[in-house]
Amino acid sequence: MQNRLSLFALALFSCSAFAAAPHWTYEGAHGPAHWSQIAPEFKECALGHAQSPIDIRAARTDARAPELGFHYTAQALRIVNNGHTVQVNEDGGMLDIGGHPYRLAQFHFHTPSEERIHGRAYDMVAHLVHKDDAGKLAVVAVLFRRGAANPALDPLLANMPLGEGPEHRVDAVNFDAASLLPAKHGYYHFAGSLTTPPCSEGVAWYVLKDPVTVSAAQLAQLHKLYNHNNRPVQALNGRSVIEHP
Ligand SMILES: [Zn+2]
């Protein structure tokens, strides 16, 4: 019954509330190879030269690359199933990159990971999306490999809406995005884009080198909603990757 209700809700939303947004998917006729043809504002998905994600194969170590200063705060969980991913909306968390402040706007998940390291994809990735006062985006990627259960994911998995729809606010859950981060914050940095339409460029990427774990059971829970929501890797086109030790 629950599934039937979710499907009904999904149909309602696809036909009404979100009808204005161009429809895109991760496979078939509206999949990544066709995103640029779906709407004029999606052109950059094909024409851009600094697109994300990428396969990180070579990096230049730079000891002067800035540390990432995470100043996140716990807050009432606001979680949404937007038809492409499970997303948590945030307000108030700060990220300091070399003295430049960014505000945490939201984080969401892709399975498997979009970014690859030496050709290898991870089981899952969290993208923590930050914005500065000028509107410039900085995204921190946290990679997940299959292993021990990750307690930080439990409140998210327990409260994620099964069907596409509006944001759910869960006052009983106080969630701190810092619980998703690995202990060490060494990273790969490069210039890239949004990995979903409209694929806008000018996004600063920071892929944390140390993965955290997700259990097979936790992954299976997320896979009931999304098990293939990753854009394929894009051409590097001469971009260099900086590694922070
Ligand atoms: Zn993402």
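Residues numbered from 1 in each chain as written. Predicted model: local features only at pLDDT ≥ 70, side-chain atom pairs only at ≥ 80, totals over all residues. Heavy atoms only, no water.

Enquirer: Outline the coordination of the zinc ion, supporting the account with residue identities and numerical values.
Expert: Binding of the zinc ion to the protein goes through H108 (NE2), H110 (NE2) and H127 (ND1), at separations of 2.0 to 2.1 Å. Between the donor residues of the zinc ion, the gaps in sequence give the motif H-x1-H-x16-H. With H108 in strand β7 (residues 100–110) and H127 in strand β10 (residues 124–131), this residue pair connects regions lying 19 residues apart in the sequence. (Donors = N, O, S within 2.8 Å, 3.2 Å for Na, K, Ca; no water. Helix = DSSP H or I, 4+ residues; strand = E, 2+ residues; numbered from the N terminus.)

Enquirer: Break down the state of the cysteines for me, with residues and values.
Expert: Taken as a whole and judged by the stated rule, the model has one disulfide. For C45, the disulfide goes to C199, at an S-S distance of 2.1 Å. Note on the C45 and C199 pair: the S-S dihedral is about 90 degrees, so by sign convention the disulfide is right-handed. Placement of C45 in helix α3 (residues 44–47) and of C199 in the loop between β13 (187–193) and β14 (201–208) is noted, with a sequence separation of 154 residues between them. (Disulfide = S-S within 2.5 Å.)

Enquirer: Please give an account of the confidence of the model for the protein chain that cites residues and values.
Expert: For the protein chain, per-residue confidence averages 93 on the pLDDT scale, and 92% of positions sit at 70 or higher. When the criterion is pLDDT under 50, residues 1–19 qualifies, and its contacts beyond four places in sequence or with other chains add up to 11 contacts. (pLDDT = per-residue confidence, 0-100. Contact = heavy atoms within 4.5 Å.)

Enquirer: Which residues make up the packing of aromatic side chains, and what are the values?
Expert: Summed over all chains, the structure comprises nine aromatic pairs. Considering the side-chain rings of F107 and F175, the 5.8 Å spacing of their centres and the 35 degrees angle between planes classify their relative orientation as tilted. Linking F107 in strand β7 with F175 in strand β12 (residues 168–175), this pair joins segments that are 68 residues apart in sequence. One exposure class covers both F107 and F175, and it is buried. Look at F109 and F144: their rings are 6.3 Å apart centre to centre, the planes differ by 65 degrees, and that puts the pair in the edge-to-face class. One end of the pair, F109, is in strand β7; the other, F144, is in strand β11 (residues 137–146), and 35 residues separate them in sequence. For the pair formed by F109 and F144, the shared burial category is buried. Among the aromatic residues, those joined into a cluster by ring pairs are F107, F109, F144 and F175. Over the aromatic face of Y122 sits the side chain of R120, whose NZ or CZ is 4.4 Å from the ring centroid. (Phe/Tyr/Trp six-rings, centres within 6.5 Å; stacked < 30°, edge-to-face > 60°. Buried < 20%, exposed > 50% of the residue type's maximum accessible area, 1.4 Å probe, protein only. Lys NZ or Arg CZ within 6 Å of the ring centre and 35° of its normal.)

Enquirer: Give a description of unusual backbone geometry that names residues and reports values.
Expert: Omega for the bond connecting T111 with P112 falls within 30 degrees of zero, at -15 degrees, which places this linkage in the cis form. The phi torsion at H118 lies on the positive side, around 50 degrees, for a residue other than glycine. Secondary-structure assignment places H118 in the loop between β8 (116–117) and β9 (120–121). By relative accessible area, which is 53% here, H118 ends up exposed. Not every positive phi belongs to a glycine, and C199 is a case in point at roughly 60 degrees.

Enquirer: Any details on empty space enclosed by the protein? Residues and values, ideally.
Expert: In this approach a probe as big as a water molecule rolls over the atoms, and the regions it shows empty are the leftover space. Using the criterion set out here, one finds one cavity of 30 Å³ or more in the structure. In this structure, the largest cavity encloses a volume near 80 Å³. Forming the boundary of the largest cavity are V86, F109, M124, L153, L156, L157, M160, V214, Q218 and L222. Only α4 (154–159) and α5 (216–223) provide two or more residues apiece to the lining of the largest cavity. In terms of residue class, the lining of the largest cavity is made up of nine nonpolar, one polar and no charged. (1 Å grid on protein atoms, 1.4 Å probe; cavity = no way out; pocket = protein on both sides within 12 Å on 5 of 7 lines; lining within 4 Å. Points joined across faces, edges and corners; volume = space filled by probe spheres on them. Nonpolar A, V, L, I, M, F, W, Y, C, P; charged D, E, K, R; others polar.)

Enquirer: Break down the sheet that holds strand β1 (residues 55–56) for me, citing the residues and quoting the values.
Expert: Two strands in a sheet stick together by hydrogen bonds in their backbones, pointing the same way (parallel) or opposite ways (antiparallel). Reading across from one edge, β1-β8-β9 is the order of the three strands in this open sheet, with mixed pairing throughout. Each having just a single partner strand, β1 and β9 make up the two edges of the open sheet. In this sheet, β8 lies alongside β1 in parallel orientation, the contact comprising two bridges. In the sheet register, D55 faces β8, and the bridge partner there is R116. (Pairing = 2+ DSSP bridges.)

Enquirer: Tell me about α5, and please be specific about residues and values.
Expert: For α5, every residue scored as buried is listed here: Q218, L219 and L222. The buried residues of α5 occupy an angular sector of 100 degrees when projected down its axis, which confines them to one face. (Arc of directions from axis to C-beta.)

Enquirer: Summarise the pattern of salt bridges; cite the residues concerned and give the values.
Expert: Here the structure, examined in full by the defined rule, presents seven salt bridges. Residues R169 and D171 are paired through a salt bridge, measuring 2.7 Å at the closest nitrogen-oxygen approach. (Salt bridge = Lys/Arg side-chain N within 4 Å of Asp/Glu carboxyl O.)

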